[in-house]
Amino acid sequence: MDINLQVSIGNLTLKNPVTVASGTFGYGEEYSEYFDISELGAVTVKSLTLQPRLGNVPPRIVETPAGMLNAIGLQNVGIETYLKSKLPFLREKKCTIIANIYGTSVDEYVKLAELLEKEGGADAIEMNLSCPNVHDAKNKFKCPLIAQSPEWVEKYTLAVRSSVKLPLIVKLSPNITDITEPALSAERGGADAISIINTLLGMAINPETRKPKLKNVVGGLSGPAIRPVALKMVWDVSRTVKIPVIGMGGICTASDALEFLIAGARMVAIGSYLFRDPLAPIRIIQGLREYCLNNGIDDINKLIGSVIIE
Ligand SMILES: Cc1cc2nc3c(=O)[nH]c(=O)nc-3n(C[C@H](O)[C@H](O)[C@H](O)COP(=O)(O)O)c2cc1C
């Protein structure tokens, strides 16, 4: 039986519903030593900013039960170096590219998106409105994220939507009471998809030194520990908006990915688990195909949102 694994986001068709989570795959070079990265539905690159960033002071990674805390702080090469030195590799490999962008104002997001479109730097844009690691937690424990304000989400999405034609994905934060509110705002602002979830705010302290384990004090929790939270948010959002949802949060296996698709995600992204098994996305694509074959499903789209609630 021929199995269709293709899915679409806006007017972009992807060969399968599996991508990688921004910030866990760099720009693809290292991973291409392990597998053919063009096999992915898309490569989602590390958040890009207008200027290069060194990120936060280490230590900025802490292992936790069933996950990790990170406070990288958006270390990246900046948009110019990306376009000059990273993009040609991804294009040569014939990857579908989702470029994740981060700005400190509406104007910065618009500039980044326009540059990407003008230079052919992406096949879709993911706006990171939800990074928890770019504020000085010592002085400002209450860190407002754009994604925590439905009003801002709509304003930022609308501004970028009006400036570029590329498919637009808005990445939201789980650090909020009701994630469907910013999701609806992103949809109203013209987003083609919602990507959820970014990391959950967390903290770890070394009792011997009484110091936080992260220099940044707080960080973002990811990995299997957050999977049920992410799944529930995917279920909530996919029943609320009409646009597709890209689900992520602790996905390690094909079975995990299937949970997200069945809950309502059109695509899934693999993040932290890549550090354990760089080949996980390939195993997951293969596992999805096998599941479809074993269950007589000829089109993966038939699985999306097929959860049976009795
Ligand atoms: C080390 C690390 C760096 C990350 N950097 C980014 C980033 O630059 N931009 C972004 O939108 N999300 C970033 N994230 C969040 C992931 O893309 C993803 O949303 C989150 O980790 C949940 O997926 P996971 O549990 O599979 O890792 C980062 C996560 C990790 C672990």
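Residues numbered from 1 in each chain as written. Predicted model: local features only at pLDDT ≥ 70, side-chain atom pairs only at ≥ 80, totals over all residues. Heavy atoms only, no water.

Colleague: Whenever I open this one, the site of the ligand confuses me. Can you help?
Modeller: Around the ligand there are 24 residues in total, and Ser22, Lys171, Gly223, Gly250 and Ser272 lie nearest to it. Between glycine 223 and the ligand, the recorded distance is 2.8 Å, taken from a backbone N or O atom to an oxygen atom. For the ligand, the accessible surface in isolation is 600 Å², of which the surrounding protein chains cover 97%. Per-class residue counts for the shell around the ligand are 7 nonpolar, 15 polar and 2 charged. (Near = heavy atom within 4 Å. Polar contact = N/O pair within 3.5 Å; in protein donor to acceptor, adjacent residues only side chain to side chain. Areas by Shrake-Rupley, 256 points an atom, 1.4 Å probe, with all protein chains shown as cover. Nonpolar A, V, L, I, M, F, W, Y, C, P; charged D, E, K, R; others polar.)

Colleague: Please explain the pattern of salt bridges as it appears in this structure.
Modeller: Any two side chains of opposite charge can pair, given that their charged atoms come close. All chains considered together, the criterion is met by 10 salt bridges. Close ionic contact of glutamate 119 with lysine 118 constitutes a salt bridge, the shortest N to O distance being 3.7 Å. The class for lysine 118 is exposed, based on a relative accessible area of 68%. Glutamate 154 serves as the salt-bridge partner of arginine 188, at 3.0 Å between the closest nitrogen and oxygen. Of this pair, arginine 188 sits in helix H4 (residues 180–188) while glutamate 154 sits in helix H3 (residues 150–163), and the two are 34 residues apart along the sequence. One salt-bridge network, held together by shared partners, links Lys232, Asp236 and Arg239. (Salt bridge = Lys/Arg side-chain N within 4 Å of Asp/Glu carboxyl O. Buried < 20%, exposed > 50% of the residue type's maximum accessible area, 1.4 Å probe, protein only. Helix = DSSP H or I, 4+ residues; strand = E, 2+ residues; numbered from the N terminus.)

Colleague: Any chance you could explain the sheet that holds strand E14 (residues 218–222) here in plain terms?
Modeller: As a general point, the strands of a sheet are linked pairwise by backbone hydrogen bonds and lie either parallel or antiparallel. Here 4 strands make up an open sheet; going across it, the order is E5-E6-E14-E11 and the pairing antiparallel. Each edge of the open sheet carries a strand with a single partner, namely strand E5 (61–64) and strand E11 (200–203). Each neighbouring strand pair of the sheet contributes to a mean axis angle of 40°, computed without reference to strand direction. The pairing of strand E6 (residues 67–70) with E14 spans 3 bridges and is antiparallel. Note that in E14 the partner of leucine 69 across the bridge is leucine 221. (Pairing = 2+ DSSP bridges. Axes fitted to C-alpha atoms, helices over the stretch in contact; angles between N-to-C directions.)

Colleague: Quick question: what am I supposed to make of unusual backbone geometry here?
Modeller: Negative phi characterises most residues that are not glycine, and trans characterises most peptide bonds. In this chain, proline 58 is followed by proline 59 through a cis amide linkage whose omega measures 0°. Turning to its location among the elements, proline 59 is positioned in the loop between strand E4 (43–44) and E5. Cis geometry is adopted by the peptide bond preceding isoleucine 197, which originates at isoleucine 196 and carries an omega value of 10°. Position of isoleucine 197 among the secondary structure elements: in the loop between strand E10 (193–196) and E11.

Colleague: How should the packing of aromatic side chains be read in this particular structure?
Modeller: Two measures describe an aromatic ring pair: the distance that separates the ring centres and the angle between the ring planes. Counted by the stated rule, this structure contains 5 aromatic pairs. With a centroid separation of 5.6 Å and an interplanar angle of 75°, the aromatic rings of tyrosine 109 and tyrosine 156 are classed as edge-to-face. A residue pair is termed long-range when its members are at least 10 positions apart, and tyrosine 109 in helix H2 (residues 106–118) and tyrosine 156 in helix H3 qualify at 47 residues. Classification of tyrosine 109 as buried rests on a relative accessible area of 0%. What makes tyrosine 156 buried here is its relative accessible area of 9%. Through pairs of rings, three or more aromatic residues link up here, namely Phe25, Tyr31 and Phe35. (Phe/Tyr/Trp six-rings, centres within 6.5 Å; stacked < 30°, edge-to-face > 60°.)

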